[in-house]
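Read off the chains here:
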Amino acid sequence: MFTTISWVNYIVVVTLLLASWYLFIAFRFYFEEIKDIVTGKRKFPFRSLEKTRLQNTSFESSSIAPPEIPSFQSEFAISDDTFEEVENLVERLKNVVTDATKRKLVKQEFIDYLRLVLTEYPNVKNSPFSSSVSELIVSECDKLESVTLTQVEAEELWN
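What comes next concerns the included structure. (Residues numbered from 1 in each chain as written. Predicted model: local features only at pLDDT ≥ 70, side-chain atom pairs only at ≥ 80, totals over all residues. Heavy atoms only, no water.)

1. As for the overall build of the protein
Phase 1: Broken down by element type, the protein carries 8 helices and 0 strands.
Phase 2: Its helices and strands taken in sequence order, the protein reads α-α-α-α-α-α-α-α from the N to the C terminus.
Phase 3: Classification of the 159 residues of the protein by burial places 20% in the buried group.
Phase 4: Restricting to contacts in the protein with at least 6 residues of sequence separation, those with at least 24 account for 60%.
Phase 5: Summed over its atoms, the accessible surface of the protein is roughly 12,500 Å², and 60% of this surface lies on carbon and sulfur atoms. (Helix = DSSP H or I, 4+ residues; strand = E, 2+ residues; numbered from the N terminus. Buried < 20%, exposed > 50% of the residue type's maximum accessible area, 1.4 Å probe, protein only. Contact = heavy atoms within 4.5 Å. Areas by Shrake-Rupley, 256 points an atom, 1.4 Å probe, with all protein chains shown as cover.)

Okay, structure coming up:
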């Protein structure tokens, strides 16, 4: 009964079925991402894979040094990461302000809440974006009726 089907034919059919299934799933759930990659609107995130690979590599021997990243790449990668952290912090601060208005926090509780959020972003503290974030805190606090902060108070939140 199964003597007419060879193992080679069986493997080819199973491989084609698996490939068609994964293509179906890819197009069904990731069509927009695939379209963006094909049209050039999005690129493959090779940079994050490279960082992960470099972080996972351990160098036991002292004679072997980690690979050097050219300075122009490392500066852009650092500023890219810092900029992403700033964007996350801005969103988080806006959520904190809306949450504070809903919960009607007093000024000291609000300041402690802000200080707690800012400690989660130590890279932003040492970046040139910290003054802009402080200005954002002051402007968002102006929207509140119960709590107002000055620029000096906002700068002190980082400490």
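2. Observations regarding the packing of aromatic side chains
Each pair of aromatic rings is reported with the distance of its centres and the angle of its planes.
Phase 1: Overall, the coordinates contain 2 aromatic pairs when judged by the stated rule.
Phase 2: Look at W7 and Y10: their rings are 5.8 Å apart centre to centre, the planes differ by 90 degrees, and that puts the pair in the edge-to-face class. With W7 and Y10 both in helix α1 (residues 7-29) and 3 residues apart, the pair spans about one turn of that helix.
Phase 3: A residue is classified by how much of its surface remains accessible, and W7, at 68% relative accessible area, is exposed.
Phase 4: By relative accessible area, which is 46% here, Y10 ends up partly exposed.
Phase 5: Ring centres of W21 and F24 lie 5.8 Å apart, and the angle between their planes is 35 degrees; this geometry places the pair in the tilted category. You can see W21 and its partner F24 sitting in helix α1, 3 residues apart, about one turn around the helix. (Phe/Tyr/Trp six-rings, centres within 6.5 Å; stacked < 30°, edge-to-face > 60°.)

3. Some points on the pattern of salt bridges
Phase 1: Under the counting rule described, the total for this entry stands at 5 salt bridges.
Phase 2: One salt bridge connects K107 with E153, and the closest N-O pair in it is separated by 3.4 Å. Within this pair, whereas K107 is found in helix α5 (residues 107-119), its partner E153 is found in helix α8 (residues 151-156), the two being separated by 46 residues in sequence.
Phase 3: Residue K107 is classed as partly exposed on the basis of its relative accessible area, which comes to 35%.
Phase 4: Two residues, D112 and R115, come together in a salt bridge whose shortest N-O distance is 3.9 Å. Note that D112 and R115 are positioned in helix α5 at a spacing of 3 residues, about one turn of the helix.
Phase 5: D112 sits in the partly exposed class, given a relative accessible area of 39%.
Phase 6: The class for R115 is partly exposed, based on a relative accessible area of 30%. (Salt bridge = Lys/Arg side-chain N within 4 Å of Asp/Glu carboxyl O.)

4. Quick word on the packing of α1 against helix α2 (residues 31-39)
Phase 1: Their axes nearest at 5 Å, the elements α1 and α2 cross at an angle of 90 degrees. As summarised for this structure, α1 and α2 are arranged roughly perpendicular, according to the angle between their axes. Here α1 contributes A26, F27 and F29 to the contact with α2, which in turn contributes F31, E33 and I34.
Phase 2: Residues that form the contact of α1 with α2 fall into these classes: 5 nonpolar, no polar and 1 charged. (Axes fitted to C-alpha atoms, helices over the stretch in contact; angles between N-to-C directions. Parallel < 35°, antiparallel > 145°, perpendicular 65-115°, else oblique. Nonpolar A, V, L, I, M, F, W, Y, C, P; charged D, E, K, R; others polar.)

5. Observations regarding the side chain of E140
Phase 1: Position of E140 among the secondary structure elements: in helix α7 (residues 130-143).
Phase 2: The contact partners of E140, leaving out residues within four places of it in the chain, are K94 and V97.

6. A short note on the environment of I111
Phase 1: Mapped onto the elements of the fold, I111 is located in helix α5.
Phase 2: Residue I111 is classed as buried on the basis of its relative accessible area, which comes to 11%.
Phase 3: Ignoring anything within four residues of it in the chain, the contact list for I111 reads L149 and L157.

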